[in-house]
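Examination of the molecular architecture
The primary structure of each chain is shown beneath.
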Amino acid sequence: MRQVKRAFKYRFYPTDEQAAQLSRTFGCVRLVYNKALEERTRAWYGEQRRVSYVESSAALTEWKKTEELAFLTEVSCVPLQQALRHLQTAFGNFFAKRAKYPRYKSRKKSRASAEYTRSAFKWRDGELTLAKMAGPLSIRWSRPLPEGAEPTTVTVSRDSAGRWFVSMLCDDRIAPAPGTANSVGIDAGITSLVTLSTGEKIANPKHERLDRARLTRAQRALSRKAKGSANREKARRRVAKVHARIADRRRDFLHKLATRLVRENQTVVIEDLTVRNLLKNGKLARAISDASWTELRSMLEYKCAWYGRELVVIDRFFPGSKLCGACGRVAAKMPLNVREWTCDCGAVHDRDVNAARNILAAGLAASACGDGVRPQRESSRTGRSSVKQEAQRATAGIPRL
């Protein structure tokens, strides 16, 4: 059994009083975060001095004593302290060069949320009551919490469509999946969302395209409304609901696909795609965004870790599509419109299936050589990575399925 921290997200329907209290909390959290960021920015760029969390917490206490910010005492202090901790983490990532400089939270664009630790909520008989609230939240329990589990952290949020969610972080024990000798290579695409090394092609549902007509109508109606009017806010909510419907369907599909791949295979091999660079292609950006390869990879990563599977990520420059799986030769060019090609050795390849099989062979070769989960490129006299060379040797002579 593997001990993990697992979040369980549910939708809830607050009363008018609870909604007002949470809205005030969201506003106070945003204000404290921005004000602390402003103070840290002034200290960093003006004095080259770093401000610690302890100093920010002491400043928050002083802000509450002022007449201008006395309303901060009307909400629970825990979400405000958590906002300062999140800012501290953001600066830690910045100074460690893992992230860019922290940005201010926008009222319209930033996610409205507040985090409560154990001292700021009450969990009793399956009911959750937050600090400063008289009654429990009306939660729709779409699935039960693990037996005997109690939330350690609760995050309340409201999305752009006006829906309220509560996420409970609990300690959970996950049993490893039954062992299997199967391995699979995955080639991501647009026409087929993924092509497996077994030859199976999983069609791309194209959720955004299915709702594109509805989304276009909602966006046109929004553009005709006067800015700042109540009707414009209603139209904005309609647009947000369409986007939320698309995102929910996409996420559900990807969860089911990732779970199936992890349960059926002991080793999963994928490519290290740079989706950010691929989105610069104006003709394919919309389709690539709808495919959501990054989200699928994220799901595969944590599901493999949960269920005791191995995830191998091969080098992004590995020529999987151009490499012949029969003889190991690399084609000079391979335009996107070429879906089937014939090698000089006479082997006929489906572009995507051949790429998936080459990815699997490269991943197994890299794993056997101990190159790790994410093999890195290494300079050589030929200018090719060791993973490429090992993969091409491994793929040469692979029997075609």
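Treat the numbers as computed from the prediction; the structure is a model and nothing was measured.

**Comments concerning the pairing of strand 8 (residues 183-188)**
- Bridging between strand 8 and strand 11 (residues 267-271) involves three bridges; their strand directions are parallel. The residue bridging V184 from the neighbouring strand is V268, located in strand 11.
- One ladder, built from three bridges, connects strand 8 with strand 9 (residues 192-196); its direction is antiparallel. The partner of D187 across the bridge, within strand 9, is T195.
- Connecting strand 8 to the next strand, strand 9, in antiparallel fashion are three residues.

**Overview of the state of the cysteines**
- With the rule as written, the count across this model stands at zero disulfides.
- Considering cysteine sulfurs only, C77 is the nearest to C28, which forms no disulfide, with 12 Å between them.

**Digging into the environment of S119**
- Along the chain, S119 turns up in the loop between strand 2 (112-117) and strand 3 (121-124).
- Taking the C-alpha atoms as reference points, S119 and M1, separated by 118 residues in sequence, lie 29 Å from one another.

**Quick word on the environment of N34**
- With respect to the helices and strands, the residue N34 is situated in helix 1 (residues 16-47).
- Exposure remark for N34: the relative accessible area of 16% places this residue in the buried category.
- Distance in space between the C-alpha atoms of N34 and A83 is 9.5 Å, their sequence separation being 49 residues.
- Apart from residues no more than four positions distant in its own chain, N34 is found in contact with Y104 and K105.

**Focus: the nonpolar core**
- With 44 residues, the main nonpolar core has L128, L130 and M168 as its most contacted residues.
- No other element matches the nine residues that helix 1 contributes to this core.
- Aside from chain neighbours lying at most four places away, what touches L130 is L22, Y116, A120, F121, L137, V154 and V156.
- Ranked by size, the runner-up nonpolar core spans 28 residues in total, among them L196, L254, V268 and L300.

**A word on the sheet that holds strand 10 (residues 201-203)**
- Read from one edge to the other, the open sheet built from five strands follows the order 10-9-8-11-12, with strand pairing classed as mixed. If you trace the sheet from one side to the other, it starts and ends with strand 10 and strand 12 (310-314), each paired once. Recorded for the sheet is a direction-independent mean angle of 20° between the axes of neighbouring strands.
- Sheet topology places strand 11 next to strand 12; five bridges connect them, and they run parallel. Within strand 12, the position partnered with T267 by the bridge is E310.
- Each of strand 8, strand 9, strand 11 and strand 12 touches helix 9 (residues 293-307); the most contacted strand, strand 11, lies at about 155° to it.
- Packing against the sheet, helix 10 (residues 351-368) makes contact with strand 8, strand 9, strand 10, strand 11 and strand 12, and its axis sits at approximately 130° to strand 8.

**A short note on the UniProt feature "domain: Cas12f1-like TNB" (unreviewed entry) in the protein chain**
- The feature "domain: Cas12f1-like TNB" (unreviewed entry), as given by UniProt, occupies residues 293-359 in the numbering adopted here.
- Taken as a whole, residues 293-359 contains 36% helix and 16% strand, while its terminal C-alpha atoms sit 16 Å from one another.

**Regarding the UniProt feature "domain: Probable transposase IS891/IS1136/IS1341" (unreviewed entry) in the protein chain**
- According to UniProt, the "domain: Probable transposase IS891/IS1136/IS1341" (unreviewed entry) feature falls on residues 174-281.
- In this annotation, residues 174-281 is assigned 51% helix and 19% strand; the end-to-end C-alpha distance for the span is 41 Å.

**What about the packing of helix 1 against helix 3 (residues 77-95)?**
- Between helix 1 and helix 3, the least distance of the axes is 9 Å, while the angle of their chain directions is 40°. Judged on the interaxial angle alone, helix 3 and helix 1 are oblique. As for how helix 1 packs across helix 3, the hand of that crossing is right-handed. For the pair helix 1 and helix 3, the contacting residues are T25, C28, V29, V32, Y33, A36, L37, R40 and W44 in the first and P79, L80, A83, L84, H86, L87, Q88, A90, F91 and F95 in the second.

**Some details on helix 9**
- In this model, helix 9 (15 residues) spans 21 Å end to end at C-alpha, consistent with the 21 Å of a helix rising 1.5 Å per residue.
- Of all the positions in helix 9, only W293, L296, R297, M299, L300, K303, C304, W306 and Y307 are classed as buried.
- G308, located one to two residues past helix 9, shows a positive phi value of around 70°.

**So, the confidence of the model for the protein chain**
- Averaged over all residues, the pLDDT of the protein chain is 88; the fraction at 70 or higher stands at 92%.
- Element-level pLDDT for the protein chain is lowest in helix 11 (residues 386-395), with a mean of 41, against a maximum mean of 97 in strand 6 (residues 153-158).
- Low pLDDT (under 50) marks residues 372-401, which in the prediction has 62 contacts with non-local residues, meaning those over four places away or in another chain.

What counts as what
Residues numbered from 1 in each chain as written. Predicted model: local features only at pLDDT ≥ 70, side-chain atom pairs only at ≥ 80, totals over all residues. Heavy atoms only, no water. Pairing = 2+ DSSP bridges. Helix = DSSP H or I, 4+ residues; strand = E, 2+ residues; numbered from the N terminus. Disulfide = S-S within 2.5 Å. Buried < 20%, exposed > 50% of the residue type's maximum accessible area, 1.4 Å probe, protein only. Contact = heavy atoms within 4.5 Å. Core = buried A, V, L, I, M, F, W, Y, C linked by side-chain atoms within 4.5 Å. Axes fitted to C-alpha atoms, helices over the stretch in contact; angles between N-to-C directions. UniProt positions renumbered as here; feature names shortened; annotations may be inferred. Parallel < 35°, antiparallel > 145°, perpendicular 65-115°, else oblique. Left-handed = near helix turned anticlockwise from the far one by under 90°. Expected span 1.5 Å × (residues − 1). pLDDT = per-residue confidence, 0-100.

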